[in-house]
Amino acid sequence: MDKIAVLIPCYNESKTITKVVSDFKQAVPESVIYVYDNNSTDGTDKLARDAGAVVRYERQQGKGNVIRRMFREIDAECYIMADGDDTYLAEFAPEMIRQVLEFQADMVVGDRLSSTYFQENTRRFHNFGNSLVRRSINMLFHTDIKDIMTGYRAFSYQFVKSFPVLPKGFEIETEMSIHAADKNMRVANVVIEYRERPEGSVSKLNTYADGLRVLRTIFKLYQTYRPMAFFGAIGVALAVLGVVFLIPVLVTYAKTGMVYQFPTLFACCFVILAGIQSFFSGMILQTIVRKNKQDFEMELLAIEARRHILENGKKSND
């Protein structure tokens, strides 16, 4: 079991990977640096190995797939995750590590948005998208994470081994943030400096396609983690809609004793029933979510026990 593991997912980062590995070796000399190559064709893996990193591979394309492989294979007391494009400064890693090892943070967010991100990042829609995602998640999940989309994070052993990595692409950071908020994990924010990619280094993030994917992820996860709020709101909306259109039918019936708008009457009844069904579906799903949270707490105990076993084994080997 490593004390500190630096995780660097890479796809065609030959322009910067040598410097990134060297910077982290200098900033965190006691760490083991892992570079996971995701089908690079420019020799990223060789350069990383020459720089002193442990190089491994993930053949399924996508950042989410790489992180899944990392989290499964590596055991460490503290994990630092950073991109291989040299946009994140290694000098902030020690403070992020301290938040995990000394202050028991489960996830530490490298907060770009409170420092230089908006000045350094020249892609206007990226700035807008980061702000939109941050506000949406903090409002919907009642949290205060300063930078949702940052790729610079630190994690505890419990977080890494309890996080179900389902996304395949760049929406992985969004899921990490929502998972931490929903499972009541301690999140710390460390303000970091951000710098634009060096000339010749190309971003793999598609502003529009990946942005829509992230927003879709937020929608799906809100439905999953907050079913009562989600389906309850739909139920109330349908019930109100049905009642509004039903009122003229009832007023006419009260005055004349006759119903002249049977199609409207039937449609309103069905809409109101659908609203009631949606409301009770939310109640049932909320009960399941509550049970899942109870099971998750028991799972954390098992993960903590495994961590102690690994630590004791490491001490025995030492």
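Predicted model, so just to flag it, every value in this text is computed and none were measured.

How each quantity is defined
- Residues numbered from 1 in each chain as written.
- Predicted model: local features only at pLDDT ≥ 70, side-chain atom pairs only at ≥ 80, totals over all residues.
- Heavy atoms only, no water.
- Helix = DSSP H or I, 4+ residues; strand = E, 2+ residues; numbered from the N terminus.
- Buried < 20%, exposed > 50% of the residue type's maximum accessible area, 1.4 Å probe, protein only.
- Contact = heavy atoms within 4.5 Å.
- Areas by Shrake-Rupley, 256 points an atom, 1.4 Å probe, with all protein chains shown as cover.
- Lys, Arg positive; Asp, Glu negative; His and termini not counted.
- Charge placed at Lys NZ, Arg CZ, Asp CG, Glu CD.
- Pairing = 2+ DSSP bridges.
- Expected span 1.5 Å × (residues − 1).
- Core = buried A, V, L, I, M, F, W, Y, C linked by side-chain atoms within 4.5 Å.
- Axes fitted to C-alpha atoms, helices over the stretch in contact; angles between N-to-C directions.
- Phe/Tyr/Trp six-rings, centres within 6.5 Å; stacked < 30°, edge-to-face > 60°.
- Lys NZ or Arg CZ within 6 Å of the ring centre and 35° of its normal.

1. Considering the overall build of the protein chain
And then number 1: A count of helical and extended segments in the protein chain gives eleven helices and seven strands.
And then number 2: Dimensions of the protein chain, computed from C-alpha atoms along their principal axes, come out at roughly 90 × 45 × 35 Å.
And then number 3: The buried share of the protein chain, taken over its 318 residues, is 47%.
And then number 4: In the protein chain, once contacts between residues fewer than 6 apart in sequence are set aside, the share between residues at least 24 apart is 76%.
And then number 5: Just so you have it, the protein chain exposes about 16100 Å², and 59% of that area is on carbon and sulfur atoms.
And then number 6: Placing the 39 positive and 37 negative side-chain charges of the protein chain at their respective mean positions leaves the two points 6 Å apart.

2. Here we look at helix α3 (residues 63-73)
And then number 1: Most of α3 sits inside the fold, with eight of its eleven residues counted as buried.
And then number 2: Among the residues of α3, those classed as buried are Lys63, Gly64, Asn65, Val66, Ile67, Arg68, Met70 and Phe71.
And then number 3: The inward-facing, buried residues of α3 abut β1 (2-10), β2 (32-37), β4 (76-81), β6 (153-156), α7 (157-162) and α8 (172-182).

3. Digging into the side chain of Asp2
And then number 1: Checked against the element boundaries, Asp2 lands in strand β1.
And then number 2: In this structure Asp2 comes out as buried when scored by relative accessible area, which is 17%.
And then number 3: Excluding anything up to four places from it in sequence, Asp2 contacts Val32, Tyr34, Ile74, Asp75, Ala76, Glu77 and Lys314.

4. Describing the pairing of β4
And then number 1: β4 sits mainly inside the fold: six of its six residues count as buried.
And then number 2: Inspection of the sheet shows β1 paired to β4 by five bridges, in the parallel sense. Bridged to Val6 within β4 is Ile80.
And then number 3: Looking at chain direction, β4 and β6 are connected through four bridges and run antiparallel. Bridge pairing in β6 places Ile80 opposite Ala154.

5. Some points on unusual backbone geometry
And then number 1: Phi at Asn39 takes a positive value of approximately 70°, unusual for a residue other than glycine.
And then number 2: Using a relative accessible area of 25% as the deciding quantity, one classes Asn39 as partly exposed.
And then number 3: Located in the positive-phi region is Gln104, a residue other than glycine, with phi close to 55°.
And then number 4: Mapping Gln104 onto the fold places it in the loop between α4 (93-101) and β5 (107-111).

6. Quick word on helix α10 (residues 227-256)
And then number 1: If you check α10, its first and last C-alpha atoms are 43 Å apart, about what 30 residues at 1.5 Å a residue would give, namely 44 Å.
And then number 2: Within the sequence span of α10, burial applies to Pro227, Phe230, Phe231, Gly232, Gly235, Gly242, Leu246 and Val249.
And then number 3: After α10 finishes, the residue Gly257 shows a positive phi value of roughly 75°.

7. Digging into the nonpolar core
And then number 1: The biggest cluster of nonpolar side chains holds 41 residues, and the ones touching the most others in it are Leu7, Phe71, Tyr79, Met107, Phe155, Phe159 and Met176.
And then number 2: The biggest single contributor to this core is helix α9 (residues 207-225), with five residues.
And then number 3: If we skip the residues at most four places from it in the chain, Phe159 touches Asp106, Met107, Met176, His179, Ala180 and Met185.
And then number 4: Core analysis: the next-biggest nonpolar cluster, separate from the first, contains 34 residues, Val6, Val35, Ile97 and Ala154 among them.

8. Things to note about the side chain of Asn138
And then number 1: As for its position among the elements, Asn138 is in helix α6 (residues 124-140).
And then number 2: If near-sequence neighbours (up to four positions away) are discounted, Asn138 is found in contact with Thr143, Asp144 and Ile145.

9. Topic: the sheet that holds strand β7 (residues 187-191)
And then number 1: Spatial ordering of the open sheet is given by β3-β2-β1-β4-β6-β5-β7, a layout of seven strands whose pairing is mixed. Only two strands of the sheet have a single partner each, and these edge strands are β3 (54-57) and β7. The average angle at which neighbouring strand axes cross in this sheet is 20°, direction not considered.
And then number 2: Judged from the five bridges that link them, β5 and β7 form a sheet pairing that is parallel. For Val109, the partnering residue across the bridge sits in β7 and is Asn189.
And then number 3: Along the sheet, α3 makes contact with β1, β2, β3, β4 and β6, crossing β1 at roughly 160°.

10. So, the packing of aromatic side chains
And then number 1: Inspection of the entire model under this criterion finds twelve aromatic pairs.
And then number 2: With a centroid separation of 6.2 Å and 90° between ring planes, the pair formed by Phe24 and Tyr152 is classed as edge-to-face. One end of the pair, Phe24, is in helix α1 (residues 17-27); the other, Tyr152, is in the loop between α6 and β6, with 128 residues separating them in the sequence. Accessibility assignment for this pair places Phe24 and Tyr152 in one class, buried.
And then number 3: The ring centre of Tyr194 lies 5.8 Å from the NZ or CZ of Arg112, which sits over that ring.
And then number 4: One cation-aromatic arrangement involves Lys183 over Phe296; the distance from NZ or CZ to the ring centre is 5.5 Å.

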